[in-house]
Amino acid sequence: MVNLSSSPQDRDTQSLVPQNLAINVTGLTKIFGTKTVVDQFDLSVPKGAIYGFLGPNGSGKTTTIRMVCGLLVPNAGHGTCLGYDVRTQSAQIRQRVGYMTQKFSLWEDLTIAENLDFVARMFQVENRTQKVAETLNELGLSERSSQLAGTLSGGWKQRLALSACMIHKPALLLLDEPTAGVDPKARREFWQTIHQLSDQGVTTLVSTHYMDEAIQCDFISYIAYGKKLIDGPSDKIAEMVGLFTWRITGFGLKQAQKHLENARGVEQVARFGTALHVSGRDQEALAQSVKQFCQGTDLKYEQRTSGLEEAFIHLMSGAEDNFQ
Amino acid sequence: MKGHNFSLARLVAILRKEFIQMRRDRMTFAMMVLFPVLQLVIFGFAINTDPKHLPTALLDRDNSAISRSLIRSLEVSNYLDIRYLPKSEQEAERLMAAGKINFIIQIPENLAADIGANRPAQVLIIAEATDPSAASGALAFIEPIINTGIRRELSGALSFAASRPSLVQVVVHRRYNPAGITSYNIVPGLLGIILSMTMTLMTAVALTRETERGTMENLLAMPARPLEVMSGKILPYVLVGYVQTIVVMIAARSVFDIPMNGSISLFFIVTTLYIFVNLTIGFVFSTIARSQMQAMQMTFFLLLPQILLSGFMFPFRGMPGWAQIIGEALPATHYIRLMRGIMLKGAEASDLWADIWPLGLMVLLVSALALQRYRRTLD
């Protein structure tokens with residue numbers, strides 16, 4: 001397991017002085033019954049950063065987010081969120097955090113406007129009426145404001161939920177798979193908004209399954225079976241894993257995949273569209289295996305830098321050995 | 001929790017939300033109006049029982065060997081328990097208004113003399129007839145018991161009288177419900193059952209619905225205090241309770257001709273207490289139940305004893321001791337007594353204090369439990 005929790009320091013201007021951290025928790029552990037869902041989790045999120053949370057389903061991402069905003073009490077561990085103790089000051093944290101749940105959790109039997117108005121009232125937003133009108137306008141939902149939220153399509157629900165959790169201008173956004181099931185255009189717009197907010201100093205912790213979204217994050221943490229496998233600046237993750245990758249294209253990929261899976265030095269073979277990505281940590285053995293198989297065939301091969309995807313597939317296969 | 005106190009603005013926000021949701025929920029509306037009407041129609045009939053040991057006050061003006069024998073035979077009969085020996089009729093009437101006794105037996109001062117002189121003799125029995133089944137069962141047995149008791153004492157010079165088939169005529173006066181109409185008894189009690197059922201169910205479902213739909217997570221992520229959430233969830237249904245009460249009252253008057261002999265304001269004060277007890281019980285249920293289905297099951301689990309052990313269906317004093325103890329712990333028991341007291345007897349707060357304070361205490365205890373149980377986390 002690679003543990004590089006001090007890596008945010010690489011990001012020259014940021015430092016780990018607690019004042020500059022929006023989230024700073026250590027040893028966070030959550031046990032449901034006999035199952036340890038989150039195990040000794042450390043998380044340091046610099047203020048204003050976009051922090052990506054990756055990991056397979058059921059890896060403990062949602063539980064961690066809930067512990068950070070005080071919705072779940074950790075069994076062990078301590079730390080702060082926006083300077084407030086996650087164990088004892090959850091009321092203060094709630095007032096300053098915008099939390100978007102994985103499942104749509106606004107009231108389907110309230111209209112769009114009523115939902116926004118309710119949220120604004122609960123957070124005691126100043127100039128509430130104006131703020132709600134503005135939000136509706138930005139969403140482009142002014143004309144549909146009296147439509148029941150339950151009748152919105154999936155993508156619109158996500159956008160409404162995002163707007164609702166930002167209505168009180170939170171200092172920290174906790175977004176739990178906010179773009180699951182959302183079309184690419186809406187996703188792009190969504191990420192534009194997140195970048196704008198980041199420029200304004202808003203911190204975002206976002207969980208996602210999409211690699212193209214992970215790349216947009218300043219930092220990434222990969223978790224599986226409740227344990228953190230790696231974290232660091234998103235552009236350095238692949239490098240940290242120490243993985244080398246060859247890209248093979250041409251006819252007969254199926255056969256190539258079958259053969260290479262058992263070849264020396266090959267740790268994983270993954271199909272990406274019309275190409276095969278063959279990765280492993282033993283650079284020489286890997287190169288030899290690839291060349292040996294491809295020479296004398298029509299297949300083209302080239303070495304390329306390992307991407308996040310390869311890195312995470314690799315981490316996952318290791319995780320199974322370690323934790324299952 | 002500094003700087004995070006109870007906020008009226010947040011309470012208003014929750015109240016607004018609940019009202020909007022209630023307005024859009026046809027089920028709530030149906031329950032509010034149709035349920036009481038349906039129940040009133042269904043429960044138009046009473047169930048007869050044969051209660052024993054009914055508390056009785058006795059005024060013995062004669063104090064003769066014959067009257068004492070009469071009293072002894074009543075005591076061994078098991079139908080009546082002579083618990084009070086009031087000095088005056090007024091005192092006896094007060095005991096009845098307060099619900100402490102079911103019967104007053106008055107023995108006239110010249111009972112023995114009348115029997116000896118072969119004059120028609122009478123014993124007066126005043127029966128509390130709000131629950132006609134309780135009264136009539138016992139009344140049917142009283143006359144023969146009294147006659148047997150007196151006959152035992154007739155010897156020597158009086159033995160000639162013993163051969164007469166009926167020595168004493170028992171005069172019965174029914175109080176509060178002179179015609180012995182069962183709906184008089186059923187309808188005020190039914191209000192207690194209807195309110196218990198709908199009020200508990202509505203709040204029991206109110207929180208579990210949020211949990212089931214996943215909106216609870218959103219609500220919990222907001223800076224709301226438990227008291228705000230609880231008040232916001234409970235207060236709208238107080239109004240629903242009033243609507244139901246008024247529906248039942250209108251039906252009681254127009255369909256069943258039930259009188260309202262007591263004070264309307266006392267009626268509403270007591271009803272408000274009762275509504276709060278049931279709403280807070282429902283809120284406690286919703287902190288335990290994981291689904292709306294479970295919340296509903298819990299409501300029915302409570303409803304059954306409220307119907308069976310509260311004196312609504314069977315005369316309270318006809319129940320075995322352990323059942324009476326459970327009955328005393330149920331809010332419906334006290335409320336039904338209060339309703340019968342206020343509507344039929346015209347009793348006042350001072351007469352009914354014994355049943356008012358338990359309701360008040362229940363409101364406090366259950367509210368405290370509800371607040372303590374309300375989780376601010378998803379744990």
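Residues numbered from 1 in each chain as written. Chains lettered and ligands numbered in written order. Predicted model: local features only at pLDDT ≥ 70, side-chain atom pairs only at ≥ 80, totals over all residues. Heavy atoms only, no water.

Turning our attention to the sheet that holds strand β12 (residues 268-272) of chain A. All names here are of chain A. On the basis of which strands lie adjacent, the open sheet formed by 4 strands has the order β12-β13-β11-β14 and antiparallel pairing. The open sheet has two edge strands with one neighbour each: β12 and β14 (300-304). The mean angle between the axes of side-by-side strands here comes to 25°, regardless of whether they run parallel or antiparallel. Both strand β11 (residues 244-249) and β14 contribute to a ladder of 5 bridges, which runs antiparallel. Residue pairing in the sheet places Thr249 in a bridge with Lys300 of β14. In this fold helix α9 (residues 253-260) packs onto β11, β12 and β13 (275-280), with an angle of close to 15° to the strand it touches most, β13. Across the sheet, helix α10 (residues 283-294) is in contact with β11, β13 and β14; its angle to β11 comes to roughly 10°. (Pairing = 2+ DSSP bridges. Helix = DSSP H or I, 4+ residues; strand = E, 2+ residues; numbered from the N terminus. Axes fitted to C-alpha atoms, helices over the stretch in contact; angles between N-to-C directions. Contact = heavy atoms within 4.5 Å.)

What follows covers the interface of chain A and chain B. Accessible area lost on assembly of the parts is the figure often given for the size of an interface. Contacts between chain A and chain B engage 30 residues on the former and 30 residues on the latter. Both sides together, the interface formed by chain A and chain B hides about 2,800 Å², and carbon and sulfur atoms give 58% of it. The three residues of chain A that bury the most area against chain B are Arg94, Trp107 and Met122 of chain A, which together make up 25% of that side's buried surface. If you look at where chain A meets chain B, you find 4 salt bridges. Asp117 of chain A serves as the salt-bridge partner of Arg16 of chain B, at 3.5 Å between the closest nitrogen and oxygen. In this assembly, chain A and chain B are joined by 13 residue pairs in polar contact (both at pLDDT 80 or more). (Buried area = accessible area lost by both parts, 1.4 Å probe. Salt bridge = Lys/Arg side-chain N within 4 Å of Asp/Glu carboxyl O. Polar contact = N/O pair within 3.5 Å; in protein donor to acceptor, adjacent residues only side chain to side chain.)

On to the nonpolar core. Judged by nonpolar contacts, the single largest core of 165 residues is most densely connected at Ile23, Leu43, Leu174 and Phe312 of chain A. Considering every element that reaches this core, the biggest residue donor is helix α7 (residues 182-213) of chain B, with 16 residues. In contact with Leu43 of chain A, not counting residues within four places along its chain, are Ile23, Asn24, Val25, Tyr51, Phe53, Val68, Leu205 and Lys228 of chain A. Tyr79, Ile82, Ile107 and Val123 of chain B belong to the second-largest nonpolar core, a separate cluster that totals 29 residues. (Core = buried A, V, L, I, M, F, W, Y, C linked by side-chain atoms within 4.5 Å. Buried < 20%, exposed > 50% of the residue type's maximum accessible area, 1.4 Å probe, protein only.)

Residue and element names in this part refer to chain A. For strand β3 (residues 50-54), the tally of buried residues reaches 5 of 5 residues, placing the bulk of the element in the interior. Of the two faces of β3, the one holding Ile50, Gly52 and Leu54 and the one holding Tyr51 and Phe53 are both buried throughout. Of the strand pairs in this sheet, β3 and strand β8 (residues 203-207) are connected by 4 bridges, and their pairing is parallel. When the bridges of β8 are listed, Tyr51 appears paired with Leu205. With 4 bridges connecting them, β3 and strand β9 (residues 219-224) associate as parallel partners. Note that in β9 the partner of Leu54 across the bridge is Tyr222.

What follows deals with the side chain of Gln268 of chain A. Residue position: Gln268 of chain A is located in strand β12. Reaching out from Gln268 of chain A, the side chain makes a polar contact with the backbone oxygen of Glu310 of chain A at a distance of 3.1 Å.

As a further point, take the packing of aromatic side chains. Residue and element names in this part refer to chain A. Scanning the model with the defined rule gives 11 aromatic pairs over all chains in all. Seen from their ring centres, Trp107 and Phe118 are 5.0 Å apart, and the 85° between their planes marks the pair as edge-to-face. Here Phe118 lies in helix α3 (residues 112-122) and Trp107 lies in the loop between β6 (97-100) and α3, a separation of 11 residues in the sequence. As far as the burial class goes, Trp107 and Phe118 line up, both buried. (Phe/Tyr/Trp six-rings, centres within 6.5 Å; stacked < 30°, edge-to-face > 60°.)

So, on to the pattern of salt bridges. Here the structure, examined in full by the defined rule, presents 27 salt bridges over all chains. Between Lys61 of chain A and Glu177 of chain A there is a salt bridge, with its nearest N and O atoms 4.0 Å apart. On the criterion of sequence distance, the pair formed by Lys61 of chain A in helix α1 (residues 61-68) and Glu177 of chain A in the loop between β7 (172-176) and α6 (184-199) is long-range, its members being 116 residues apart. The burial state of Lys61 of chain A is the same as that of Glu177 of chain A; both residues are buried. The network of salt bridges with common partners includes Asp117, Arg121 and Arg128 of chain A together with Arg16 of chain B.

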